[in-house]
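# What the coordinates show
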Amino acid sequence: MQELERCLSIWRNTTTRLLGGLLLCVLTLLAAVPVVGCTQAQKISVAQEIVNWTPAFISAADTANAVIQSLDPATVFILRPLTAGIDAFGPQIALAAKNYLANPNQTTLELVQSLIVQIQQNTNAALLSAAKITNPDSQAQALASINLVATIANTLLALIQQISTKTQVVAMAAGVHVTLAQVRPYMDQPGLQRASLQVSHDLALSQAPTVDQFFAFEARSGF
């Protein structure tokens, strides 16, 4: 258990700045403008960001699975099917994103959209389930590990929305059964905001967009 906690701490510390940078860029776009058409070059750039994030997602999902597996039997029974399912999506998203990057068309885009919505919804469901765990220690560890995955999943969601039309975003939202409003109390919001503020300082931006702006945009989009 100590080794798992050490790995979790290392993962959180080493990814905070990268996550903050990407999330800040996404929040800036979402807070400033509605989803609009992108140039092909912009689409490729965003697709590359998604490809770049898939190793982080796979690593976070692996970590979450290891942590959940080490907890009490009741927690494992509740969460293991969810986290195992999330873990299985990692290689699929990596392959789909690379395929879109190599051949950006409607078919390859729709597959990436579908997979990202599925992992976002699965992590939302996992957060809700973790919140119901009665063992305080298990609940805390479960929420911390799932939040690593949930943060990346929502970053991927925001990215894919940037290269999707309004009609496509509406279609993506049709798959929503657990909204961000439902899981927001269990998400690592202070960590996201600290990362945003740090990156805004590093990049000398005039202001740091807030996590509130991100949630507001997603609520309007049906997520």
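Residues numbered from 1 in each chain as written. Predicted model: local features only at pLDDT ≥ 70, side-chain atom pairs only at ≥ 80, totals over all residues. Heavy atoms only, no water.

### Things to note about the overall build of the protein
A count of helices and strands for the protein gives nine helices and zero strands. Its helices and strands taken in sequence order, the protein reads α-α-α-α-α-α-α-α-α from the N to the C terminus. Taking all 223 residues of the protein together, the buried fraction comes to 48%. Taking as baseline every contact in the protein between residues at least 6 positions apart, the subset at least 24 positions apart corresponds to 81%. (Helix = DSSP H or I, 4+ residues; strand = E, 2+ residues; numbered from the N terminus. Buried < 20%, exposed > 50% of the residue type's maximum accessible area, 1.4 Å probe, protein only. Contact = heavy atoms within 4.5 Å.)

### What to know about the confidence of the model for the protein
Averaged over every residue, the pLDDT of the protein is 80; residues scoring 70 or more account for 74%. For the protein, the element scoring lowest by mean pLDDT is helix α1 (residues 2–32), at 45; helix α7 (residues 180–183) scores highest, at 96. Note on residues 1–36: pLDDT is under 50 here. Beyond four places in sequence and across chains, it has 65 contacts. (pLDDT = per-residue confidence, 0-100.)

### Re the environment of Gly85
You can see Gly85 is positioned in helix α3 (residues 73–102). Along the backbone, Gly85 and Gln118 are 33 residues apart, and their C-alpha atoms lie at a distance of 10.0 Å.

### A look at the nonpolar core
The nonpolar side chains of a soluble globular protein tend to be buried, and buried together. Within the largest apolar cluster, 56 residues are counted, with the highest numbers of intra-cluster contacts made by Ile50, Ile160 and Phe223. Every element with two or more residues in this core is listed here: α2 (40–69), α3, α4 (106–131), α5 (136–162), α6 (166–173), α7 and α9 (211–220). When residues of this core are assigned to their parent elements, the largest contribution, 13 residues, is made by α5. Residues contacting Phe223, with those up to four places away along its chain left out, are Val117, Gln120, Leu157, Gln161, Val169, Met172, Ala173, Val176, Thr179, Leu180 and Glu218. (Core = buried A, V, L, I, M, F, W, Y, C linked by side-chain atoms within 4.5 Å.)

### A word on α4
Every α-helix carries 3.6 residues per turn, so stepping three or four residues along brings you back to the same face. Its 26 residues give α4 an end-to-end C-alpha distance of 38 Å, which sits within 8% of 38 Å, the value for a rise of 1.5 Å per residue. One side-chain oxygen at the N-terminal end of α4 lies 3.0 Å from the backbone nitrogen of Thr107; it belongs to Asn105. (Expected span 1.5 Å × (residues − 1). Polar contact = N/O pair within 3.5 Å; in protein donor to acceptor, adjacent residues only side chain to side chain.)

### What to know about the packing of α4 against α5
As a packed pair, α4 and α5 sit with axes 9 Å apart at the nearest point and diverge in direction by 155°. Judged by the angle between their axes, α4 and α5 are roughly antiparallel. The chirality of how α4 crosses α5 is left-handed. Its residues placed into classes, the contact of α4 with α5 shows 18 nonpolar, seven polar and no charged. (Axes fitted to C-alpha atoms, helices over the stretch in contact; angles between N-to-C directions. Parallel < 35°, antiparallel > 145°, perpendicular 65-115°, else oblique. Left-handed = near helix turned anticlockwise from the far one by under 90°. Nonpolar A, V, L, I, M, F, W, Y, C, P; charged D, E, K, R; others polar.)

### A closer look at the environment of Ser59
Tracing the sequence through the fold places Ser59 in helix α2. For Ser59 and Leu148, which are 89 residues apart along the polypeptide, the C-alpha to C-alpha distance reads 9.6 Å.

### Things to note about α3
A rise of 1.5 Å per residue sets the reference length of α3, with its 30 residues, at 44 Å; its end C-alpha atoms lie 44 Å apart and thus fit the reference within 8%. If you look at α3, its biggest bend is around 45°, right at Leu79, and the proline Pro81 turns up within four residues after that. By the burial criterion, the buried members of α3 are Thr75, Val76, Leu79, Thr83, Ile86, Phe89, Gly90, Ile93, Ala94, Ala96, Ala97 and Tyr100. (Bend = angle between axes of the 7 residues up to and from the residue.)

### What to know about the environment of Ala88
Looking at the secondary structure, you find Ala88 in helix α3. On a C-alpha basis, the gap between Ala88 and Ile119 in space is 9.7 Å, while along the polypeptide they are 31 residues apart.

### A closer look at the packing of aromatic side chains
In this structure the tally under the stated criterion is one aromatic pair. With a centroid separation of 5.6 Å and an interplanar angle of 70°, the aromatic rings of Phe214 and Phe215 are classed as edge-to-face. In terms of burial, Phe214 and Phe215 fall into one category: buried. (Phe/Tyr/Trp six-rings, centres within 6.5 Å; stacked < 30°, edge-to-face > 60°.)

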